[in-house]
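Examining the three-dimensional arrangement
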Amino acid sequence: MQLTRLVYASHHGGTSEEALRDIFDRSCKNNANDGITGLLIAGDEDFLQLLEGGRTAVAECMMRIMKDDRHQRIRILLAGESESRLFSQWSMRCLRAAEIPLEIQDRYWVNDVFDPVQLPQAKIEGLCLALSEDNSDKTPEMTG
C-alpha cells in the first residue's frame, strides 16, 4: 500500500456541537474500517482536515466528504505520497481551533485567525506536525 496524505479545507459557516460530534463519530467509524488516520480542526466557520492512508481509501473518503452538505467550498491544500503517518494513533483526532495551544496558534494562524485557505504549504505541514507531536494528554475522543 502506498501511503497517501491529503489535506483539505472546507467552509461550514458555523457548526453545532451535535453536528461536529456526528462528523467525528462517523469519521472514526469509517476511517477505522478503511485504515485511514488523521486530524480534523474545526474553526468557527472552517474545517481543516488531514487524511492519511492508502490512496484508494483516501480518495473514497474524500468523495464521501464532497457529498456531505456540511462541507462547502472544499479546497485541496496538499496531496501526495508520504513516508509515514503523523496521526497513527487516531482514526480521527478532532480539535476545536480555539483549544489548540496558544504557542501553536501564534505560529500558524493568519493575523490571529484560523484561516486554513490562507496558510502556505510549509505552514500547513508545520501545523500538522506540531499537532501530531502535541499529544501527551490527548485521547482519541473529540476534545471540546
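So, how was this worked out
All residue numbers refer to positions counted from 1 along the written sequence of the respective chain. Per-residue local features of the predicted model are confined to residues with pLDDT of at least 70, and side-chain atom pairs are confined, for both listing and counting, to 80 or more; whole-chain, interface and lining totals are unaffected and use all residues. Calculation of side-chain values draws on the structure's entire complement of heavy atoms; hydrogens and water are dropped beforehand. Note on disulfides: each one is a pair of cysteine sulfur atoms within 2.5 Å. We call a residue buried when its accessible area falls under 20% of the maximum for its residue type, exposed when it is over 50%, and partly exposed in between, using a 1.4 Å probe and counting protein chains only. Starting at the N terminus, helices and strands are each numbered in turn, a helix being any DSSP run of H or I of at least four residues and a strand any DSSP run of E of at least two. An expected span of 1.5 Å times one less than the residue number is assigned to each helix. In this description, one arc is meant: the one made by directions from the helix axis to the C-beta atoms. Should any heavy atoms of two residues lie within 4.5 Å, those residues are considered in contact. Paired strands are those between which DSSP finds at least two bridges.

**As for the state of the cysteines**
Per the stated rule, a full pass over the model turns up zero disulfides. With no disulfide of its own, Cys28 has Cys94 as its nearest cysteine by sulfur position, at a separation of 8.1 Å. Taking relative accessible area as the criterion, Cys28 reaches 17% and is therefore assigned buried. In this structure Cys61 is a free cysteine whose sulfur lies 11 Å from that of Cys28, the closest cysteine sulfur available. A relative accessible area of 5% means that Cys61 is categorised as buried.

**Quick notes on helix α1 (residues 17–34)**
For α1, with 18 residues, the first-to-last C-alpha span of 25 Å sits near the 26 Å given by 1.5 Å per residue. Inspection of α1 places Ala19, Leu20, Ile23, Phe24, Ser27, Cys28 and Asn31 among the buried residues, and these make up the whole buried set. Across the axial projection of α1, the buried residues extend over an arc of 170 degrees, all falling on one side. Exposed residues lying more than 90 degrees from the buried face of α1 are Glu18, Arg26, Lys29, Ala32 and Asn33. The secondary structure elements touched by the buried residues of α1 are β2 (37–42), β3 (46–54), α2 (55–66) and β5 (93–96). One or two positions beyond α1, positive phi appears at Gly35, with a value near 70 degrees.

**Brief notes about the pairing of β2**
A regular strand places its side chains on the two faces of the sheet in alternate fashion. For β2, a buried count of six out of six residues is recorded, marking the element as mostly surrounded by other parts of the structure. Neither face of β2 is exposed, since Thr37, Leu39 and Ile41 on one face and Gly38, Leu40 and Ala42 on the opposite face are all buried. Examined bridge by bridge, β2 and β3 share six bridges and lie antiparallel to one another. Considered in β3, the bridge of Ile41 is made with Leu48. As judged from the four bridges shared by β2 and β5, these two strands associate in the parallel manner. Note on β5: the bridge partner recorded for Ile41 is Leu95.

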